[in-house]
Amino acid sequence: DQQVKQNSPSLSVQEGRISILNCDYTNSMFDYFLWYKKYPAEGPTFLISISSIKDKNEDGRFTVFLNKSAKHLSLHIVPSQPGDSAVYFCAATKIMYSGGGADGLTFGKGTHLIIQP
Amino acid sequence: DAGVTQSPTHLIKTRGQQVTLRCSPKSGHDTVSWYQQALGQGPQFIFQYYEEEERQRGNFPDRFSGHQFPNYSSELNVNALLLGDSALYLCASSMAGAKNQPQHFGDGTRLSIL
């Protein structure tokens, strides 16, 4: 039972264009969502996150959109650069409101983004 | 400012053996989580340690156990190793008192079971 799904194993985008990576979740208890980027032989690197009280969060070239009613989030990268080629993981969790912190992360299987020159 | 560090980088064991993996959290972080990433999959949550106690556990058998020390560093122990335990083991740290703060990952330990 996969609670976080990334249905595109790979995505190829031309340099300079927009990359859109999608993620769906099934657990309505999730209230904090994150995107991580992973290069081979390295650990996941945090990219951007969004709380369920927002529907959009922007950081430079990266924007994450959250549609709670559809249980769907997406990551937009504009413009795409060669260094963006990596595996992108969507993750979700539930914030522990008593004492702070959060539950362990539930990850999707990842999308391999390839930026073509 | 050192990030999350894990040791060793690579490890080869045989079936039935036991293994201990180590993790030092990012400076200022007090919570450590462990994940298993099989080939072609996303990381799967094993357990989380806070204040030297296991706070939450994923769907992993009792063969997987852990420990957190007073300096917040942590160990992951796996007993009676199976071929299916071959994976990348990732440690992540975070701050318990900070809401909406991401977990930061180390580069992992690659465990191969022969």
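Notes on the structure follow.

The rules behind each value
- Residues numbered from 1 in each chain as written.
- Chains lettered and ligands numbered in written order.
- Predicted model: local features only at pLDDT ≥ 70, side-chain atom pairs only at ≥ 80, totals over all residues.
- Heavy atoms only, no water.
- Helix = DSSP H or I, 4+ residues; strand = E, 2+ residues; numbered from the N terminus.
- Pairing = 2+ DSSP bridges.
- Axes fitted to C-alpha atoms, helices over the stretch in contact; angles between N-to-C directions.
- Disulfide = S-S within 2.5 Å.
- Buried < 20%, exposed > 50% of the residue type's maximum accessible area, 1.4 Å probe, protein only.

1. Notes on unusual backbone geometry
The step from Val78 of chain A to Pro79 of chain A runs through a cis peptide bond, and the omega angle for that step is -15 degrees. With respect to the element layout, Pro79 of chain A can be found in the loop between strand E8 (72-77) and strand E9 (86-93). Note that the residue after Ser7 of chain B, namely Pro8 of chain B, is joined by a cis bond; omega there is -10 degrees. In this structure, Pro8 of chain B sits in the loop between strand E1 (5-7) and strand E2 (10-13).

2. Observations concerning the sheet that holds strand E8 (residues 74-78) of chain B
All names here are of chain B. Reading across from one edge, E1-E3-E8-E7 is the order of the 4 strands in this open sheet, with antiparallel pairing throughout. A single partner strand is all that each edge strand has here, and the edge strands are E1 and strand E7 (64-68). In this sheet, neighbouring strand axes are inclined to one another by 20 degrees on average, regardless of whether the strands run parallel or antiparallel. Relative to E8, E7 is paired through 5 bridges, and the arrangement is antiparallel. Directly across from Gln68, in E8, lies its bridge partner Ser74.

3. Structural notes on the state of the cysteines
Considering all chains together, one arrives at 2 disulfides over all chains under this definition. Residue Cys23 of chain A pairs covalently with Cys90 of chain A via a disulfide, S to S 2.0 Å. Taking the sign of the S-S torsion, about -70 degrees here, the bridge from Cys23 of chain A to Cys90 of chain A comes out left-handed. Within this pair, whereas Cys23 of chain A is found in strand E3 (residues 19-25), its partner Cys90 of chain A is found in strand E9, the two being separated by 67 residues in sequence. Comparing Cys23 of chain A with Cys90 of chain A, the two get one shared label, buried. Across the disulfide from Cys23 of chain B sits Cys91 of chain B; the S-S distance is 1.8 Å. Here the disulfide of Cys23 of chain B and Cys91 of chain B is left-handed, its torsion about the S-S bond being about -60 degrees.

The analysis is restricted to geometry; functional conclusions fall outside its scope.
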